[in-house]
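Architecture and fold: a report
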Amino acid sequence: MPLLFQYDRSGEISAMNGEFLRKCLNDVLDATGLTDADGCPLDFDPHDFRRIFITDAIRSGLPPHIAQVIAGDSDINTTLGYNAIYPAEAIEAHRAFIARRRAQRPSEEYRTPTSEEWDAFLGHFERRKLSGGICARAFGTSCIHEHACIRRSMLRPDPGQRGRPVEIRDNLLARITEAEREGWLGELEGLEVSLAGAQDKLAQLDAEQGRRSIAVDLGIPTFRDIAGRDGA
């Protein structure tokens, strides 16, 4: 100890160096007579078994940082690079992780909803559909703006219904003119709030249309840029 590879040489415990292991591998290969696809004798190096050893060790429960010490790697990422991760392992590990997390949560959260609860859930999203777009209020909450949706920031306007906020804006402008002429100051304040909401929805639609119509040039690096970076 602490030699990982050692043998008894005439009663003396000696380390197996790389050259000794290479000779043992070649002797075994010569005895088997195995060849590759081209018919050439197989040629292995101790380093060729590094991935097999590290993968098997970590899958058997050896902590990666211990495998790093055994493999003699200075960086843990080098060791993990030799560890083969198979798709089935990733799926099984993720399922086990989810099962552990669920075991820590109250079981009430994972019960099957009743028919009434499911209907209420679906009905909530149906009631969020409006003529001018979609109301993004959270599930289980009611409209706190008394259905004056044009004022609310949670209303996501539908580009296909742009004519509706335009119509509302023009109507509000006419009503504001009338209120100012007649001196209806109490109504004027509410109309101005609604007008600001309508103009905000139109600005959102215009900004979205602008983003969709403008192509963003990410640029292509030139050879000079690549060579200069590599040289640096």
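The structure displayed is predicted, hence computed values, not measured ones.

Turning next to the overall build of the protein. Counting secondary structure elements, the protein contains 9 helices and 5 strands. A total of 232 residues make up the protein; the buried ones form 17% of that total. In the protein, the share of contacts with a sequence separation of at least 24, taken over all contacts with a separation of at least 6, comes to 40%. Carbon together with sulfur atoms contributes 56% to the accessible area of the protein, which is approximately 17,800 Å² in total.

A cluster of nonpolar residues, Leu4, Phe5, Phe53, Ile66 and Ile70, forms a patch on the protein surface that exposes about 450 Å² of accessible area. With respect to the helices and strands, the residue Ile66 is situated in helix α3 (residues 64-71). Taking the relative accessible area as the measure of exposure, Ile66 reaches 34% and is therefore partly exposed.

Before going further, it helps to examine the confidence of the model for the protein. Per-residue pLDDT for the protein has a mean of 79; in total, 84% of the residues score no lower than 70. Helix α9 (residues 223-231) is the least confidently modelled element of the protein, averaging 53 in pLDDT, while α3 averages 89, the highest of any element. Across residues 228-232, where pLDDT falls below 50, the model places 0 contacts with residues more than four positions away in sequence or in other chains.

This part is about the pattern of salt bridges. This model, assessed by the stated rule, comprises 5 salt bridges. Here Asp170 and Arg169 are joined by a salt bridge, their closest N and O atoms 3.2 Å apart. Assessed through its relative accessible area of 39%, Asp170 is described here as partly exposed. A salt bridge links Asp200 to Lys201; its shortest N-O distance comes to 3.8 Å. Residue classification places Asp200 among the partly exposed positions, given a relative accessible area of 36%. Note on Lys201: relative accessible area 1%, which makes it buried.

Glancing now at the nonpolar core. Core analysis: the largest hydrophobic core is formed by 7 residues, namely Leu172, Ile176, Ala179, Leu188, Leu191, Leu195 and Ala198. Counting only elements with at least two residues in this core, the list comes to α7 (163-182) and α8 (185-213). The greatest single-element share of this core, amounting to 4 residues, is contributed by α8. Leu188 has contacts with Ile176, Ala179 and Glu180, leaving out every residue within four places of it along the chain.

For the rest of this paragraph, the subject is the pairing of strand β2 (residues 12-15). Bridge count between strand β1 (residues 6-9) and β2: 4 bridges; the pairing is antiparallel. Pairing of Tyr7 across the sheet is with Ser14, part of β2.

Take the packing of helix α2 (residues 50-59) against α3 next. Each pair of packed helices can be described by the angle between their axes along with the distance between the axes. Where α2 contacts α3, the two axes come as close as 10 Å, and the packing angle between them is 150°. The angle between the axes of α2 and α3 places the two elements in the roughly antiparallel class. Like other packed secondary-structure pairs, α2 and α3 cross with a definite hand, here right-handed. Along its contact with α2, which presents Arg50, Phe53, Ile54 and Ile58, the element α3 presents Pro64, Ala67, Ile70 and Ala71. For the contact of α2 with α3, the per-class residue count stands at 7 nonpolar, no polar and 1 charged.

Let's shift gears to the side chain of Gln68. Structurally, the position occupied by Gln68 is in helix α3. Not counting residues within four places of it along the chain, the set of residues in contact with Gln68 comprises Asp73, Ser74, Asp75, Ile76 and Thr79.

Moving on, we come to the side chain of Asp73. Structurally, Asp73 can be placed in the loop between α3 and α4 (76-82). A distance of 2.7 Å separates the side chain of Asp73 from the side chain of Arg50, its partner in a polar contact. Aside from chain neighbours lying at most four places away, what touches Asp73 is Arg50, Gln68, Thr78 and Thr79.

Right, let's get into the packing of aromatic side chains. The description of an aromatic ring pair uses the distance of the two centres, along with the angle that the planes make with each other. Taken as a whole, this structure holds 3 aromatic pairs when the rule is applied. Relative to Phe49, the ring of Phe44 lies with its centre 5.6 Å away and its plane at 50°, an arrangement referred to as tilted. With a centroid separation of 5.6 Å and 25° between ring planes, the pair formed by Trp118 and Phe121 is classed as stacked. Separated by 3 residues within a single helix, Trp118 and Phe121 lie in helix α6 (residues 115-127), roughly one turn from each other.

Basis of the calculations
- What you see as residue numbers is a count from 1 along each chain, following the sequence as written.
- Local features in this predicted model are restricted to residues of pLDDT 70 or higher, and side-chain atom pairs are both shown and tallied only at a pLDDT of 80 or more, whereas totals for entire chains, interfaces and linings draw on every residue.
- Side-chain measures were taken over the full set of non-hydrogen atoms in the model, leaving aside hydrogen atoms and water.
- A run of H or I in DSSP counts as a helix once it spans at least four residues, and a run of E counts as a strand once it spans at least two, with each numbered from the N terminus.
- Remark: exposure states derive from per-residue accessible area (1.4 Å probe, protein chains only) relative to the maximum for the residue type, with buried under 20%, exposed over 50%, and partly exposed in between.
- Throughout, a contact is declared for two residues whenever any of their heavy atoms are within 4.5 Å.
- Surface accessibility follows the Shrake-Rupley procedure with a 1.4 Å probe radius. Residue values consider only the protein chains on display as shielding.
- Here, patches come from residues exposed beyond 30% relative accessible area and free of salt bridges, joined within 9 Å for like charges and within 5 Å for nonpolar side chains (Val, Leu, Ile, Met, Phe, Trp, Tyr).
- For this document, the term salt bridge refers to a Lys or Arg side-chain nitrogen within 4 Å of an Asp or Glu carboxyl oxygen.
- The quantity called pLDDT is the predictor's confidence in a given residue, expressed from 0 to 100.
- Among buried residues, the Ala, Val, Leu, Ile, Met, Phe, Trp, Tyr and Cys ones that are joined through side-chain atoms within 4.5 Å form a nonpolar core.
- Any two strands are treated as partners once DSSP identifies two or more bridges connecting them.
- Axis lines are fitted to C-alpha atoms, over the contacting stretch for helices. Their N-to-C directions set the angle, which ranges from 0 to 180 degrees.
- Here roughly perpendicular refers to angles of 65 to 115 degrees, roughly parallel to angles under 35, roughly antiparallel to angles over 145, and oblique to all remaining angles.
- The crossing is said to be left-handed when, going from far helix to near helix, the turn is anticlockwise and less than a right angle, and right-handed when the turn is clockwise.
- By the convention adopted, Pro, Cys, Tyr, Trp, Phe, Met, Ile, Leu, Val and Ala count as nonpolar, Lys, Arg, Asp and Glu as charged, and the other residues, Gly among them, as polar.
- Whenever two N or O atoms come within 3.5 Å, that pair is a polar contact, provided that in protein one can donate a hydrogen and the other can accept it, and provided that, for residues adjacent in sequence, both atoms are side-chain atoms.
- Aromatic rings from Phe, Tyr and Trp, with only the six-membered ring used for Trp, were paired whenever their centres fell within 6.5 Å, and each pair was classed as stacked if the ring planes differed by under 30 degrees, edge-to-face if by over 60, and tilted otherwise.

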